[in-house]
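One letter stands for each residue in the lines below.
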Amino acid sequence: MAVHESLHQKLSEIASNLWWSWQPEVTNIFRQIDPVEWSQLAHNPIELLEQFPPQRLEERARQLMLHSRVNWAYRRWQEYMDSTDTWGSTHAGTLGHRPAAYFSAEFGVHESMPIYSGGLGVLAGDHLKSASDLGIPLVAIGLLYGEGYFSQHIDADGWQQESYAELNAKTMPIRPALDTTGKPALISVETRSGSIFARVWRLDVGRVPLFLLDTNISENSDEDRHLTARLYGGDHRTRIRQEVLLGIGGARALNALGIRPSVIHMNEGHSAFAPLELIRNRMREDGSSFDDALRETAAMGVFTTHTPVPAGHDRFDAGLVDEHVGPLAEELGLSEQALMGLGRVDPQNPNESFCMTVLAFKLSRKANAVSSLHGVVSRRMWASLWPWQSEEEIPIGHITNGVHVPTWLAAQMRVLYDRVLPANWFLRSGEPEVWAGFEQVSPGELWETHQSLKNRLIAYARNRVAKQAERRGASPEEVERLGEVLDPRTLLVGFARRFAPYKRSNLFMRDLEVLAKLVQDTDRPIQFVFAGKAHPADDHGKSILQQIFKLSHEEPFKGRIVVLENYDINLGRHLVQGVDVWLNNPRRPLEASGTSGEKVILNGGLNCSILDGWWAEAFDGSNGFAIGTGRTHVDQEVQDERDATSLLDVLQNEVIPLYYDRDADDLPLEWIKRMKRAVRTLGWRFNADRMVMDYVSRAYIPAAGGLSCQMTERP
Ligand SMILES: *Cc1c(COP(=O)(O)O)cnc(C)c1O
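Residues numbered from 1 in each chain as written. Predicted model: local features only at pLDDT ≥ 70, side-chain atom pairs only at ≥ 80, totals over all residues. Heavy atoms only, no water.

A. Representation of the packing of helix α1 (residues 7-15) against helix α6 (residues 67-82). Two elements in contact, α1 and α6, have axes separated by 10 Å at closest approach and are oriented at 40 degrees. For the element pair α1 / α6, the angle class is oblique. The interaxial crossing formed by α1 with α6 has left-handed handedness. Judged by residue contacts, Leu7, Lys10, Leu11, Glu13 and Ile14 of α1 engage His67, Val70, Asn71, Ala73, Tyr74 and Trp77 from α6. Split by residue class, the contact of α1 with α6 holds seven nonpolar, two polar and two charged. (Axes fitted to C-alpha atoms, helices over the stretch in contact; angles between N-to-C directions. Helix = DSSP H or I, 4+ residues; strand = E, 2+ residues; numbered from the N terminus. Parallel < 35°, antiparallel > 145°, perpendicular 65-115°, else oblique. Left-handed = near helix turned anticlockwise from the far one by under 90°. Contact = heavy atoms within 4.5 Å. Nonpolar A, V, L, I, M, F, W, Y, C, P; charged D, E, K, R; others polar.)

Spelled out as structure tokens, the structure:
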């Protein structure tokens, strides 16, 4: 790279790769250039640099003495991109020059790219970042949603309102992906109702390229131009068209780009059509039969299932399947019946609809759930696919989800880590030994750091609720009151997640009398901050949000329960870095893993959770709090009632007393012990580096080698 490059060029180059988003020092450079613009532009450095043409940027950089820091950041980035001494170079060498291809319907990499809705997308984003850090040869495929997922506002009545904004390709870090002839790639998928065309964008996430398909081009009909407008919008027909595009179109895009993957990783069943396209290629190239090509392709397939909720699996009727996959099936020599059979547990059953999860199981030799308990549930749920096997032999393993540490760890907390953990600990954060040193942190220092993060969250929340109220047309007195909500000395419980009914966001409201006592306690009060979006079509989820919103405006909960709008990665980061306690009360066993509580751990917050998902294997009695004992009841109402009682019990009898038990210096020593224990015992495990390392050794390498290790060959 030329040494003469201007500051503007260097920063523009850095902004063109989302690597910057998990480097706090680099993010800080952008923020310092103009903190107000930075926050108004949703942390988008490309838009920021548009406001600062080269001259103006030079002036600003001189004022702030930014030059050497920009040069340093630029050098760091170059070194990162060029480094060959990685975990992957020694452990994933057998993948060689043929990368793993990771398919997902959503990717949550950064708030400035709103093409995710929740945990599935954020997990995918964290997967890419860890794969990049570890140097794993991996490419990713998704869709570019032109209007993203929605922005959430809550009206004066507490009802969720959605708004969509057209994303601007010019201010996103994307560029056309070039095909093997050097032209912008254009792919198509033929259906019985005409071909769907898509261009392919490239978004760089460190060393990992993410290819995003976009149908908003003139080759398409008006209907199809809108096909990739919204994530999880539209009806069944939109859904299958999006999935055909993601799977078949995604596999075609890789082919057009000259990428021949060694592994096909399907993150959830949305992309399960992809292997069909690979089977077609194999039949064409080698003249294989369908059965042989299926066997060889399935050997490369890795499928991660995420949904223990039966309604959460995409199902399509025969008409939609034939319309969209019929032409491809003809090329494969499959009858309509045979095609439908691939998506049915019982291929012969004409009453069964076509299930994407079933297809994904049949087209992959390695399948996994996302926590140990979810593994048990999934084996039971899908046992009928392997009727000749006992439940323990069902070939669905588990790899528990983890979070990308540099993304979710607060900068102040990182300073503490840097002091007590080995040098370059973040390059080896998936190893337990690396975290042992955390015990050496002094309790006072840990508490002070936590308290300053909590203060920051409270300031942020006050600012946000006041602005929200203003927009809703609240009176000036109300806006002023909201600017003073929450108390830094009061135990702060956070709860943020999608408002899917099984997550039971309103469980804490079942006994309002007890709750009122807890929030009003003069010596040992408690306060809550809530956030979360309901799916636009989910009125039940919206009504739960409304209940909490209304409660937050009633005495005695006013100022002690706060609802923040528009949960996204940015708000998520503030919350997980600043709360004392993270509450999680799904209806067990429906939370396959959950990841937000893992982000909290890193920052010294404690989890108070139902023993479901990751927490069922993480809780050891002294690294957080458990709600209930992990029992379930056949009657949902009984289970909800019992869990609600346990929730208030554990708050009253364990969480509150421990938090307010202070020594002479006002330190809650026993609480701090739990914080340290949580970081030390859980930080390395529930970590995306560890997760990706597991995927590499337990799934990718066997799949790339064509081995069917642990998995039983199906007839
Ligand atoms: C981490 C995260 C999630 C997932 O949290 P769960 O615990 O799985 O509910 C959802 N949304 C955002 C914005 C996140 O950052």
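B. Local environment of the site of the ligand. Close to the ligand lie 13 residues, the nearest being Trp408, Lys503, Thr595, Ser596 and Lys599. Within the side chain of lysine 503, one N or O atom sits 2.9 Å away from an oxygen atom of the ligand. Within the contact set of the ligand, an oxygen atom lies 2.7 Å away from a side-chain nitrogen or oxygen of lysine 599. Protein burial of the ligand: of its 390 Å² of free accessible surface, 96% is covered by the chains. (Near = heavy atom within 4 Å. Polar contact = N/O pair within 3.5 Å; in protein donor to acceptor, adjacent residues only side chain to side chain. Areas by Shrake-Rupley, 256 points an atom, 1.4 Å probe, with all protein chains shown as cover.)

C. Region of interest: helix α16 (residues 372-381). If you check which residues of α16 are buried, you get Leu373, His374, Gly375, Val377, Ser378 and Arg379. Packing partners of the buried residues in α16 comprise β13 (366-369), β14 (396-398) and α25 (613-618). (Buried < 20%, exposed > 50% of the residue type's maximum accessible area, 1.4 Å probe, protein only.)

D. Region of the structure containing unusual backbone geometry. Of the consecutive residues glutamate 555 and proline 556, the connecting peptide bond is found in the cis state with omega at -5 degrees. Checked against the element boundaries, proline 556 lands in the loop between α22 (539-551) and β17 (561-564). Note that the residue after arginine 588, namely proline 589, is joined by a cis bond; omega there is 5 degrees. Relative to the elements of secondary structure, proline 589 occurs in the loop between β18 (581-584) and α24 (596-602). One non-glycine residue, glutamate 268, lies in positive phi territory at about 80 degrees. As for its placement among the helices and strands, glutamate 268 is situated in the loop between β9 (263-267) and α11 (274-286). We classify glutamate 268 as buried; its relative accessible area is 7%.

E. Structural context of the environment of proline 536. Positionally, proline 536 belongs in the loop between β16 (526-531) and α22. Discounting residues that sit within four places of it in the chain, proline 536 has contacts with Tyr149, Phe150, Gln160, Glu162, Tyr164 and Lys542.

F. Broad picture of the side chain of serine 271. Residue position: serine 271 is located in the loop between β9 and α11. The exposure class of serine 271 is buried, given its relative accessible area of 1%. Each residue touching serine 271, except ones within four places of it in the same chain, is listed here: Phe103, Leu246, Gly247 and Met266.

G. How the structure looks around the pairing of strand β6 (residues 186-191). Only one face of β6 is covered, namely the face carrying Ile187, Val189 and Thr191; the face carrying Leu186, Ser188 and Glu190 is uncovered. Pairing analysis gives six bridges linking β6 to strand β7 (residues 194-205), with the strands arranged antiparallel. Across the sheet, valine 189 pairs through a bridge with isoleucine 196, a residue of β7. Between β6 and the antiparallel strand that follows it, β7, lie two residues. (Pairing = 2+ DSSP bridges.)

So yeah, pure geometry; function would need other evidence.
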